[in-house]
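The lines below spell out each chain.
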Amino acid sequence: MKIFWVSMLIFLSLIMLSFGIDLLMGFELNMSIRNAISPFRVMEPVEFAVLIMLILLYFARAGYKFLQNKKQNKPNKDTS
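Note that this is a predicted model, so its numbers are computed, not measured. (Residues numbered from 1 in each chain as written. Predicted model: local features only at pLDDT ≥ 70, side-chain atom pairs only at ≥ 80, totals over all residues. Heavy atoms only, no water.)

Trainee: Could you give an account of the overall build of the protein, with specific residues and numbers?
Mentor: Helix and strand counts for the protein come out as three helices and zero strands. Order of helices (α) and strands (β) in the protein, N terminus to C terminus: α-α-α. Computed over C-alpha atoms, the radius of gyration of the protein comes to 22 Å, more than 25% over the 12 Å expected from 2.2 N^0.38 for 80 residues, which places it beyond the range of a compact globule. Principal-axis analysis of the C-alpha atoms gives the protein an extent of 75 × 35 × 15 Å. Roughly 7800 Å² of accessible area belongs to the protein as shown, and the carbon and sulfur atoms make up 71% of that amount. Taking the average place of the 9 positive charges on the side chains of the protein and the average place of its 5 negative ones, the gap between the two points comes to 20 Å. (Helix = DSSP H or I, 4+ residues; strand = E, 2+ residues; numbered from the N terminus. Rg over C-alpha atoms; globule rule 2.2 N^0.38 Å. Areas by Shrake-Rupley, 256 points an atom, 1.4 Å probe, with all protein chains shown as cover. Lys, Arg positive; Asp, Glu negative; His and termini not counted. Charge placed at Lys NZ, Arg CZ, Asp CG, Glu CD.)

Encoded structure:
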């Protein structure tokens, strides 16, 4: 349970930091709230590309490990 609360504290701290920086930069209150709640709307195309690459890398790694485990656990048919 401690991990959950620490994660929530870090999350809320980062959201408030983002919100505060937006206000200091001169954005309106409505725009600051929207930027804090939906970070994907304010991403640059290069940031989207990096995000997609990281997601693809994660799934490629998971797929590789799955296939590797499946190959190792394959029963040997020559024993009969």
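Trainee: Any details on a nonpolar patch on the surface? Residues and values, ideally.
Mentor: A cluster of nonpolar side chains, Val6, Ile10, Leu14, Leu17, Ile21, Met25, Phe27 and Met31, forms an exposed patch at the surface whose accessible area comes to about 750 Å². Ranked by the residues each element gives to the nonpolar patch, the list is headed by helix H1 (residues 2-24), at five residues. In this structure, Met25 sits in the loop between H1 and helix H2 (29-37). (Patch = residues over 30% accessible without salt bridge, like charges linked within 9 Å, V, L, I, M, F, W, Y side chains within 5 Å. Salt bridge = Lys/Arg side-chain N within 4 Å of Asp/Glu carboxyl O.)

Trainee: A description of the packing of aromatic side chains should follow, citing residues and the corresponding values.
Mentor: Applying the stated criterion across every chain, the model contains two aromatic pairs. Centroid distance Phe4 to Trp5: 5.1 Å. Interplanar angle 70°. Geometry classified as edge-to-face. Here Tyr58 and Phe59 contribute two aromatic rings whose centre-to-centre distance is 5.5 Å and whose plane-to-plane angle is 70°, an arrangement assigned as edge-to-face. Taken as a pair, Tyr58 and Phe59 share a single burial class, namely exposed. (Phe/Tyr/Trp six-rings, centres within 6.5 Å; stacked < 30°, edge-to-face > 60°. Buried < 20%, exposed > 50% of the residue type's maximum accessible area, 1.4 Å probe, protein only.)

Trainee: Quick one: what's the story with the packing of H1 against H2, residue by residue and with numbers?
Mentor: Geometrically, a packed helix pair is captured by the angle between its two axes and the distance between the axes. Contact geometry for H1 and H2: axes closest at 9 Å, N-to-C directions at 145°. Between H1 and H2 lies a crossing of right-handed hand. Between H1, through Ile15, Ser18, Phe19, Asp22 and Leu23, and H2, the contact on the second element is made entirely by Leu29, Ser32, Ile33, Asn35 and Ala36. Grouping the amino acids of the contact of H1 with H2 by side-chain chemistry returns six nonpolar, three polar and one charged. (Axes fitted to C-alpha atoms, helices over the stretch in contact; angles between N-to-C directions. Left-handed = near helix turned anticlockwise from the far one by under 90°. Contact = heavy atoms within 4.5 Å. Nonpolar A, V, L, I, M, F, W, Y, C, P; charged D, E, K, R; others polar.)

Trainee: Hey, could you go over the side chain of Ser38 for me, with residue numbers and the actual values?
Mentor: Looking at the secondary structure, you find Ser38 in the loop between H2 and helix H3 (45-72). Judged by its relative accessible area of 19%, Ser38 is buried. Of note is the side chain of Ser38, whose polar atom sits 2.8 Å from the backbone oxygen of Arg34. (Polar contact = N/O pair within 3.5 Å; in protein donor to acceptor, adjacent residues only side chain to side chain.)

Interpretation note: all reported values are geometric properties and have no functional meaning in isolation.
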